[in-house]
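These are the residues of each chain, in order.
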Amino acid sequence: MVLRESPFPNRLLSGLYSLGQYLLFPSYWAADCLLDLTETTAERQQRRCCRCCPLQALVTGPLLLLLLILSMPSALLGLLLWLPMQAARRPFAYKHNVLSRHPEVWELPGTGKVFSFVSANVCLLPNGLAKNSNLGQMKQRAARIGQRLTHGEASTSFASPRSSQFDRERGAGPGEISVPFPPDVDFVCLQEVFDQRAGAHLCQLLSPFYEHIVYDVGAYGLQGCCTLKVLSSGLFLASRYPVLAAQYRCYPNGIREDALSAKGLLSVQVQLGAAHGQRIVGYLNCTHLHAPAGHSMCYGAHAQIRCDQLTMGLSWVQLFQDTHAQRGDVVAFDVFCGDFNFDNCSSGDELEQTHEIFRQYQDPCRVGPRQDRPWAIGTLLNYLHIHEEAVSTPEKLKRTLEQEEGRRTYLAGPILQDGRPDPSAAGSPWEGRRIDYILYREHPTTISLTTEVEKFSFITQLAGCSDHVAVGLRLLLNPVPQ
């Protein structure tokens, strides 16, 4: 199966779609700049140091508002052109890069093999929306994220040991707090790459290292019951191995601001090698579940939405795998990852903690509901603190998170059923909200394989670029002697 790179069947439709986007862009840019007038913590501190004029926004704001009003006629024309094109658009773009370096083909029977995965919420929204997470400068952050994903510090490897202090405090296990991203990651799964310019920039930066990239994932325009989707799903996947098939499905039950984005599930089948003339394949499923809209008495409704999305996701995964499987396939791995927007420590997330997905897939960080491994920590940062000096660099954040007091300060804490902070979390131990997951499961195949978690990493290298700690997983697959 060969994936077509363009999301459109011909150049005419692609050109009309691009024309509609060009006509919409002035209004989009003006609206984004208006929202961008809100200052982040870092910008506020910089303004005080530089003694910038606080009246600048009062001058810029009216000019941007005037531009937004003047650009509305062309935006309306662009919308009338852009909306019908969605019916002809495949809900993702695919880039195939011809590289001189290819991953080693895995052949069975033979020796085992290690596959590594990274999942990260990178918060690449338009500048104005990113300010809600105390982040701005989307273009600069996208460049830094792409660089850090591909150029880890040479002094630290993915399998490097954690600090001795962290070992003594947390106990032995496959977990580590790491600064750099692991070298030679096989699969990168990102969430919140909502801005198309950021997605295209990341695609360009990762192209020299990843031969196959699926990006701009999502169904725009009017979807379902006349719901207007103005943002994509934010999902982005890069693979060193050939992509055989890809499918995206949109969750139909988003509410409030989440209803404006096409959050859903991206499923991908990759080819890893061959066994007795049959394919060795792997499955990756990347998602971003519904996010609660602040502290709300209807937080339970948000929990039910996420549970329904997970249930839909499981059925879509099974349908995708049944559709694209071939007789005799050896399934090496089946990974389900992403930002689930719930944790395993909060009483407010009790409904999601017992979902069926944790019976079908294994969570390396989890013992059971409300109980994680001793080495697991939270992945959601307290966004009010992400630009403070203690987390201004990845190395500082790593050292901070190795201390329990640092985790209390810089990781978001457990919540109650109404979304408010849980006052009982003041006790010990305190880990923070782990809402970013990499789950896996084994499949029965003609050649039996054992799966071992070689390493699970909490990666701090996106400090200052995102309000999440990235996570990494290394799976060791060994054939069982017959």
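One structure accompanies this document, and this report is about it. What you see is a predicted model; the values in this text were computed from it and never measured. (Residues numbered from 1 in each chain as written. Predicted model: local features only at pLDDT ≥ 70, side-chain atom pairs only at ≥ 80, totals over all residues. Heavy atoms only, no water.)

**Examining empty space enclosed by the protein**
To keep things clear, this is the line we draw: Buriedness for pockets is judged along seven lines, at least five of which must meet protein on both sides within 12 Å for an open set on the 1 Å grid over protein atoms alone, while cavities are sets there where a 1.4 Å probe fits but cannot get out, and lining residues have an atom within 4 Å of a point. Grid points are joined across faces, edges and corners, and a volume is the space filled by probe spheres set on the points. Three categories are distinguished: nonpolar for Ala, Val, Leu, Ile, Met, Phe, Trp, Tyr, Cys and Pro, charged for Asp, Glu, Lys and Arg, and polar for the others, with Gly belonging to the last.
On inspection of all chains with the given rule, the structure shows 2 cavities of 30 Å³ or more. Lys229, Tyr251, Gly254, Asp258, Ser261, Lys263, His290 and Gln309 are the residues that line the largest cavity. Split into classes, the residues belonging to the lining of the largest cavity amount to 1 nonpolar, 4 polar and 3 charged. Surrounding the second largest cavity, Gln247, Arg249, Leu265, Ser267, Trp316 and Phe320 form its lining. When grouped by side-chain class, the residues that make up the lining of the second largest cavity number 3 nonpolar, 2 polar and 1 charged.

**Thoughts on helix α8 (residues 196-206)**
What counts is decided by this rule: Buried means the residue's accessible area, taken with a 1.4 Å probe over protein chains only, is under 20% of the maximum for its type, while exposed means over 50%, and partly exposed covers the values in between. Counting from the N terminus, the helices are the DSSP runs of H or I reaching at least four residues and the strands are the DSSP runs of E reaching at least two. Directions pointing from the helix axis toward each C-beta atom define the arc. We call two residues in contact whenever any of their non-hydrogen atoms come within 4.5 Å of each other. Any pair of N or O atoms that falls within 3.5 Å is considered a polar contact. Within protein, one atom must be able to donate a hydrogen and the other to accept it, and sequence-neighbouring residues count only if both atoms are side-chain atoms.
Three or more residues of α8 are buried, namely Ala198, Gly199, Leu202, Cys203 and Leu206. The buried side chains of α8 occupy one side of the element, clustering within an arc of 140° when seen end-on. The elements touched by buried residues of α8 are β1 (93-96), α6 (138-150), β5 (187-191), β6 (212-215) and β9 (236-239). At the N-terminal boundary of α8, the capping side chain belongs to Asp195, with an oxygen 2.9 Å from the backbone nitrogen of Arg197.

**Considering the sheet that holds β1**
Strand pairing in a sheet is mediated by backbone hydrogen bonds. Such pairs are either parallel or antiparallel. Inclusion rule: For two strands to be treated as a pair, DSSP must find at least two bridges joining them. Note on geometry: axes are C-alpha line fits, over the in-contact stretch for helices, and angles between N-to-C directions span 0 to 180 degrees.
The strand order across the open sheet formed by 8 strands is β1-β6-β9-β5-β3-β18-β17-β4, and the pairing between neighbours is mixed. With partners counted over all chains shown, the strands left at the sheet margins are β1 and β4 (175-178), one partner each. Sheet twist, expressed as the mean angle between neighbouring strand axes with direction ignored, is 15°. Relative to β9, β6 is paired through 3 bridges, and the arrangement is antiparallel. Within the sheet, the bridge partner assigned to Val214 lies in β9 and is Leu237.

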